[in-house]
Amino acid sequence: MKRKILFCATVDTHFSSFHLPYLQWFKLQGWEVHVAAAGDHPLPYVDEKYSISIKRSPFDRQNIDAYKELKAYIDENQYSIIHCHTPMGGVISRLAAREARKQGTKIIYTAHGFHFFKGAPLINWILFYPVEKILARYTDCLITINEEDFQRAVKKRFKANLIEHVHGVGVNTDFFTPVNKYHKAKLRKRYHYRDDAFLIFYAAEINKNKNQKVLIEAMALLKDEVPNAKLLLAGTGPLLNDCIDYAMELEVDHMVDFLGYRNDIQSLLHISDIAAASSLREGLPVNIMEAMACGLPVVAVDNRGHRELVINDMNGYLVEGNPGEISEKMTVLAKDKLLRNKFGRYGRNVILEKYNLNKIIKEKQEVYMKMMVDSREGVWEVQ
């Protein structure tokens, strides 16, 4: 009988965005791969896909149905491993798998950035900290993706059997690469941008946490110093229309392009000069890692995830989050191409050394191997 692994998250696009290499890896090892999440997005490398009623809000009553649905699937399939992701995916999966865990199923939870962190609102600590602390008791391996979360889980004595620090989900550095001047000019022509435009790129859902409004404010301050600047915002979200209206209100709508949902992020990075990152909270942002892999310097609001990646005056700038400081750093980079190139080279080397996909796959393999001395399956070996 094939060994089975179940991956759980809130939405299925989480897996298509971040975890396909790991689904593929298990398939190559001969495992049967199942996924449970909301949505009907097709996924490769998956033998069975369960659409469950899970919602992001912890107060949505549909999560009770999601718990019942997921528990039935877990009881039916006798998984060797359940690997859960996202806050609600982690909560519901670990609760639903309590009985299976007693029978030998190993439970792995990846925290893609705890909602409680230094500087977080008090309500985050009240709501999320006790939940994660309690559920750690039902976790065989807690994976953290940044140093701050790892240290907090260890120092606060989370009761997971094992606490690991893995450097995110990894970046394919053969796909996300720097581009030469000729190719960049050719791509810009295809996307209808001038060669002398200064393009600033940010890919993220347009919501309160991602904080795109501060970038729009920065553009209003930038327009006199760098009139050829363009902010490219890839993504959709609940605040899209608000941001469009805000750009018009500040009279910078001609400097801000709302690109919508995109599947051509590599090309958009290749036409850009720098990357921006304005989010208030991050675990370890893939969008910034991809930008760094493409050799772009980064101007990022200071938070724990950005601090893992951006080193002041080495591959970009960490800023406090006010539009004045953001526009100031963007102006410096707009006027100094040699500095952009220097920062870009350093940033790519950081990704190659610590965050490239092959390295992260090996880190994850080591975690999975530790989970495989199991009363149900015995010792597991990589094929």
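Residues numbered from 1 in each chain as written. Predicted model: local features only at pLDDT ≥ 70, side-chain atom pairs only at ≥ 80, totals over all residues. Heavy atoms only, no water.

The next thing to look at is the overall build of the protein. When helices and strands are tallied, the protein shows 16 helices and 13 strands. In terms of overall dimensions, the protein is globule-like: its C-alpha atoms have a radius of gyration of 22 Å, near the 21 Å expected for 383 residues. In terms of principal-axis extent, the alpha carbons of the protein reach across some 65 × 45 × 40 Å. Looking at the 383 residues of the protein, the share that counts as buried comes to 54%. For the protein, the proportion of contacts with a sequence separation of at least 24, taken over those separated by at least 6, is 69%. For the protein, the computed accessible surface area is about 17500 Å², with 51% contributed by carbon and sulfur atoms. Separation of charge centres in the protein, based on 52 positive and 47 negative side chains, amounts to 4 Å. (Helix = DSSP H or I, 4+ residues; strand = E, 2+ residues; numbered from the N terminus. Rg over C-alpha atoms; globule rule 2.2 N^0.38 Å. Buried < 20%, exposed > 50% of the residue type's maximum accessible area, 1.4 Å probe, protein only. Contact = heavy atoms within 4.5 Å. Areas by Shrake-Rupley, 256 points an atom, 1.4 Å probe, with all protein chains shown as cover. Lys, Arg positive; Asp, Glu negative; His and termini not counted. Charge placed at Lys NZ, Arg CZ, Asp CG, Glu CD.)

Right, let's get into the nonpolar core. As a rule of thumb, soluble globular proteins bury nonpolar side chains together. Ranked by size, the top nonpolar core spans 95 residues in total, and within it Phe7, Phe26, Ile200, Phe201, Leu215, Ile326 and Met330 carry the most contacts. When near neighbours in sequence (up to four residues on either side) are disregarded, Phe26 contacts Ile5, Phe7, Trp31, Val33, Ile81 and Tyr368. Counting residues in hydrophobic clusters, the runner-up holds 30 residues, among them Ala36, Cys84, Ala100 and Phe116. (Core = buried A, V, L, I, M, F, W, Y, C linked by side-chain atoms within 4.5 Å.)

Now for a nonpolar patch on the surface. A contiguous nonpolar surface patch, about 530 Å² in accessible area, is contributed by Phe59, Leu122, Ile123, Ile126 and Leu127. Summarising the element assignment, Leu122 is placed in helix α6 (residues 122-135). (Patch = residues over 30% accessible without salt bridge, like charges linked within 9 Å, V, L, I, M, F, W, Y side chains within 5 Å. Salt bridge = Lys/Arg side-chain N within 4 Å of Asp/Glu carboxyl O.)

Here we come to the packing of helix α4 (residues 87-96) against α6. Two numbers describe a pair of packed helices, the interaxial angle and the distance between the axes. At a minimum axis distance of 11 Å, the contact between α4 and α6 shows a crossing angle of 35°. Judged by the twist between their axes, the crossing of α4 over α6 is left-handed. From α4, Gly90, Val91, Arg94 and Leu95 reach across to α6, where they touch Val131, Glu132 and Leu135. Each residue belonging to the contact of α4 with α6 can be placed in one class, and the counts come to four nonpolar, one polar and two charged. (Axes fitted to C-alpha atoms, helices over the stretch in contact; angles between N-to-C directions. Left-handed = near helix turned anticlockwise from the far one by under 90°. Nonpolar A, V, L, I, M, F, W, Y, C, P; charged D, E, K, R; others polar.)

The values are spatial; any link to function lies outside them.
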